[in-house]
Amino acid sequence: PEACAVSYDDVQLLADATHPNPKHVLGVQVMGPFVVLRCWVSGAEAVSVINELEIFLPECSDAKEDPPEKVPLLPVYHCPPECPWLFERAFLYTGKEDKSQLQHWNYDISVQYSGGHTSVLTYPHSLGPLLPESFLTGWAHGMTETPPASMFGAHHMELHTHKPGLWGTRFAVWAPSAHSVSLVGDFNFWDSRAHPMFCREKFGVWEIFLPKWDLRGQKYAYHIVTPLFKEIIKADPYALEFVDAAEGHDAKVPEYDDYSRSAWHGNYTWTDQEWLEKRFAKFGGETWSSRPLSIYEVHLASWAADAKNYRDIAQPLVQHLKELNFTAVEFLPVTQYPCDQSWGYQCAAGLYAVDRRLGTPDDFRFLVDTLHNNDIAVFMDFVGAHFAKDEWGLVEYCGVPQYEYEGNLGEIPGWGTARYNYAKAEVQAYLLGAAHHWIDQFHIDGMRVDAVAAMIYKNFGKEEDGDAIMAGKGKINEDGISLLRRLCVEVRSRHPGVLLSAEESTNFKWVTDRPAENGTERQRGDVRDLGFHLKWNMGFTYDAVSLFGADFDQRPQLETFGWKRLAWFLNYAFNERWVLPFSHDNMRCKSLVDQMAEDEDMGDDCKYAQARVLLLYTIGMLGRPLLFMGSEIGEPWCCANSVDWESAALDPQKMQLKRWVAKLLKLYRDLPCLHRQDDRADGFHWLDKDSGSQCVYCWKRMARHEREAIVVINASKDYVREYYVNCGEQCGAWECIAATAMDDGSFTPRTERVTLGKGRFCTALPPLSGQIWVPNAPRPEPVVINFQVRHEETTHGDSLRVVGDCPELGDWHPMEGAKLRTSSNAFPYWTATVKVPRDLPFVEFKLVTVSSEGETTWEPIYFNRSLHLSGEKEEWICVEWGE
């Protein structure tokens, strides 16, 4: 009937790839007594509908006639000759259900293409809405409980919710301001007319499912018509894979999609479960900050010349990290990015995709897996502040600002990048979803959030406002602060044991969640923090490098706000929890060694000697050390060239520096006093803040129940022959366990003795030297406590722990307590053996059960159990739960 025929305007819009509402034209359309089936199939010469249910009669047939099993659709003759792809037919409906429900009917068609090839498939535009309404509602409010990347982007999958057994590829993109969106790619010869997408108007989401086709590995993009009818091609913001940057910027239908491939291939087989459990135990509780954390920062693409793949890098990197005694590695951004010179910090649309330059997502998973199996944590840089303005990326995604703010706020001056609009719920879901994606899909252990100041301050990047911003007095962006707080809350709650650090360069109050210390600036304020675990301290790095880069005669006079330059850090050390970074930002022009001051009289060794003292100063201070690759051998960095490891191996000075780094990091890891109380005032005590203006500094590091250490450095070129170290009341022998000097990187003085009442010993400090001293008094053997506990009321998967007032019993933190064990033969008796220091007068403790979900239950008694140590080598405790 003429009333059912498609309009000329609709035909022209489809032919021009500019139809704003294809779902109102294609698929099943109910028109009065008729049901119209309409199909737009690129390259088709003839199309028939498969009428297996026999519920349709052609509109002109005899009503007594049986419905045919296959009915040809009629070509629409006013289609343009270059795309005669529209077919339609009106039917009389013979079924019993309401005709309005037919719009959700998934019907099959038989297509005959030019050349005689035929194919039977489910017509895409008959499938109705694809993404669940419940998901879109939550996502539109910024929710990420269902991973956004599992819904948006491209996924080869079975569409079992619509039709069991129906395989194909689903595409979905958020483009709320678009006039129309079409899918283009290798599979349709990048013809924007071929696959118009349907719009979920309420959410601004466009979607389509291409049945039957296996498109894995093929390139695709979105053809978008803007509100001003400009045609643009955009990459998929949620793409999981891209082509190699050398080949372009196109997204690919993923081949390594762990959101859907378990049904057709099987996910990557991880082997790091033991590490993940260990990570939760070490960093998932309240005592995480007492763990040693030394970080090696790496730009993977330039780490090694012969490493062309993530898998090639894995074993050499592990060997290097273990040789140097690092506990963690941090990668510069590993997301897909267009420009090599940005080092990954200017991502245009690939925030969910592994950088393809070095391999596939599974290759990267292998690298992480290998590091975990060698007890090395993996951190990555996460860039959620801004994005590159490449025309094919996120910028003005629909022709108008969408992911970025409108106006001046949408651009960061000086960088030429766009600032995310943190106020939009959909953008929040995009950024938060990306963070969860890397933790869930790639087992990342921590994230360094880049450019936090750009998220906090609206005027960040404006040169005239630089001083105010550095002082923490910029124009606050509440949207960015709210997003950062939410990121920290979500990561802590969903991924306990994963650490977040902030690259925040200003005096914003406050960044980390640490408690206030008496007498600190933080104690005097009442401002809510952002919730990060750690903050990068670029001021520490600047002060340290500026002193060691200054002329020797100027150093005694160098001050920061009236404090000696190397002592200033302790004025604010307890306001935050710190990372002490010598990062890629410090190595762009010169190596760490090249930034040290020169002296003609002292020769070439002078710079290396200063670098060794600088590193000793850093390891001895409060905070977690971070070194960029190449710093351990004094090599400069250029992203276009790899570190020259082979030449360095032939240079004695470079190898001496490398051995020194390894020695310092081993001491940092093995001596609790150098890391356990990094964030507490009782873990540090100044002995000499260059009181004699000789550039000599001396301090003590402490930890409860552990040996203390004294660090002393001489940053001058003068020989201090008799330097008295005030070691306190502890008498006996003090041993120098590490030392460096101008002429000998391994110089170690003799052991010095301290007699009762004097409280000091004397040492010589050669030019550019440093030393670490520890008391050499033999430590008494520990007391062995044998616990035997009777506890019957446990379920499968529960664990039983002894928690008490010493580190060996977790310092009252259940997840850190001593774990008791049982067996099928021994149950209900649980046992554990714990060694505690002999100098403890008594030990208080309680029993705690921990369920398989991590829930804790303390034994129901109103007092702490107590054991008074009698002086025996071994003690026995036999108790019953709750008695």
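Below is a summary of the structure that appears in this document.

Turning our attention to the overall build of the protein chain. In terms of regular secondary structure, the protein chain is built from 13 helices and 50 strands. Each of the three principal axes of the protein chain carries a C-alpha extent, and together these read 120 × 70 × 50 Å. Here the protein chain holds 883 residues, and the buried ones make up 60% of them. If you take every contact in the protein chain between residues at least 6 apart in sequence, the share linking residues at least 24 apart comes to 70%. Once the 85 positive and 125 negative side-chain charges of the protein chain are each reduced to a mean point, those two points are 5 Å apart.

For the rest of this paragraph, the subject is the packing of aromatic side chains. Evaluated as defined, the whole model comprises 50 aromatic pairs. Ring centres of Phe171 and Phe187 lie 6.1 Å apart, and the angle between their planes is 35°; this geometry places the pair in the tilted category. Of this pair, Phe171 sits in strand E11 (residues 167-174) while Phe187 sits in the loop between strand E12 (180-185) and strand E13 (195-196), and the two are 16 residues apart along the sequence. With centroids separated by 6.0 Å and ring planes inclined at 80°, the aromatic side chains of Tyr220 and Tyr222 adopt a geometry described as edge-to-face.

Note on placement: Val783 falls in strand E43 (residues 783-790). Exposure remark for Val783: the relative accessible area of 2% places this residue in the buried category. The spacing of Val783 and Glu874 is 91 residues in sequence and 5.6 Å in space, taken between C-alpha atoms. Among residues more than four places away in sequence, those in contact with Val783 are Val834, Lys835, Val836, Arg838, Leu869, Glu872, Lys873 and Glu875.

A word on the pairing of E43. Every other side chain in a regular strand lies on the same face of the sheet, so the side chains alternate between the two faces. The buried fraction of E43 is high, at 6 of 8 residues. The pairing of E43 with strand E46 (residues 829-836) spans 8 bridges and is classified as antiparallel. Looking at the pairing, Asn786 lines up with Thr833 of E46.

The relative placement of two packed helices is expressed as an angle between their axes plus a distance between the axes. Direction vectors running N to C along helix H5 (residues 361-372) and helix H6 (residues 425-442) enclose 70°, while the axes themselves pass 10 Å from each other. Taken together, the axes of H5 and H6 are roughly perpendicular relative to one another. For the pair formed by H5 and H6, the contact residues are Pro361, Phe364, Arg365 and Val368 on the first element and Trp438, Gln441 and Phe442 on the second. Of the residues assigned to the contact of H5 with H6, the class counts are 5 nonpolar, 1 polar and 1 charged.

In terms of nonpolar packing, the biggest core is built from 202 residues, with Phe171, Leu317, Phe331 and Phe364 touching the most fellow members. In terms of residues, this core owes the most to one element, H6, which gives 10 residues. Formed by 32 residues, the second largest nonpolar core is a distinct cluster that contains Val28, Leu86, Phe91 and Trp105.

In total, this model carries 46 salt bridges according to the counting rule given. For the salt bridge of Lys564 with Asp690, the shortest nitrogen-to-oxygen distance reads 3.6 Å. Placement of Lys564 in strand E32 (residues 563-564) and of Asp690 in the loop between strand E35 (684-689) and strand E36 (696-701) is noted, with a sequence separation of 126 residues between them. There is no split in this pair, since Lys564 and Asp690 are both buried. Among the charged side chains, a network of salt bridges with common partners joins Arg492, Asp513, Arg577, Arg624 and Asp679.

This brings us to unusual backbone geometry. Look at the link from Lys509 to Trp510: it is a cis peptide, with omega at 0°. In this structure, the amide linkage connecting Phe827 to the following residue, Pro828, adopts the cis form with an omega of 15°. As for its position among the elements, Pro828 is in the loop between strand E45 (818-820) and E46. For Ala451, which is not glycine, the phi dihedral falls at a positive 55°. Looking at where Ala451 falls in the secondary structure, it is placed in the loop between strand E28 (446-449) and helix H7 (452-456). Accessibility expressed as a relative area gives 4% for Ala451, which makes it buried. Even without glycine at this site, Cys695 takes up a positive phi of about 60°. Inspection of the secondary structure puts Cys695 in the loop between E35 and E36.

Turning to the sheet that holds strand E5 (residues 70-72), a few remarks are in order. Strand order across the open sheet formed by 4 strands is E5-E3-E8-E9, with antiparallel pairing between neighbours. Each edge of the open sheet carries a strand with a single partner, namely E5 and strand E9 (118-122). When the angles between neighbouring strand axes are averaged without regard to direction, this sheet yields 30°. Relative to strand E8 (residues 108-113), strand E3 (residues 44-50) is paired through 5 bridges, and the arrangement is antiparallel. Looking at the pairing, Ala46 lines up with Gln112 of E8.

Parameters and conventions
Residues numbered from 1 in each chain as written. Predicted model: local features only at pLDDT ≥ 70, side-chain atom pairs only at ≥ 80, totals over all residues. Heavy atoms only, no water. Helix = DSSP H or I, 4+ residues; strand = E, 2+ residues; numbered from the N terminus. Buried < 20%, exposed > 50% of the residue type's maximum accessible area, 1.4 Å probe, protein only. Contact = heavy atoms within 4.5 Å. Lys, Arg positive; Asp, Glu negative; His and termini not counted. Charge placed at Lys NZ, Arg CZ, Asp CG, Glu CD. Phe/Tyr/Trp six-rings, centres within 6.5 Å; stacked < 30°, edge-to-face > 60°. Pairing = 2+ DSSP bridges. Axes fitted to C-alpha atoms, helices over the stretch in contact; angles between N-to-C directions. Parallel < 35°, antiparallel > 145°, perpendicular 65-115°, else oblique. Nonpolar A, V, L, I, M, F, W, Y, C, P; charged D, E, K, R; others polar. Core = buried A, V, L, I, M, F, W, Y, C linked by side-chain atoms within 4.5 Å. Salt bridge = Lys/Arg side-chain N within 4 Å of Asp/Glu carboxyl O.

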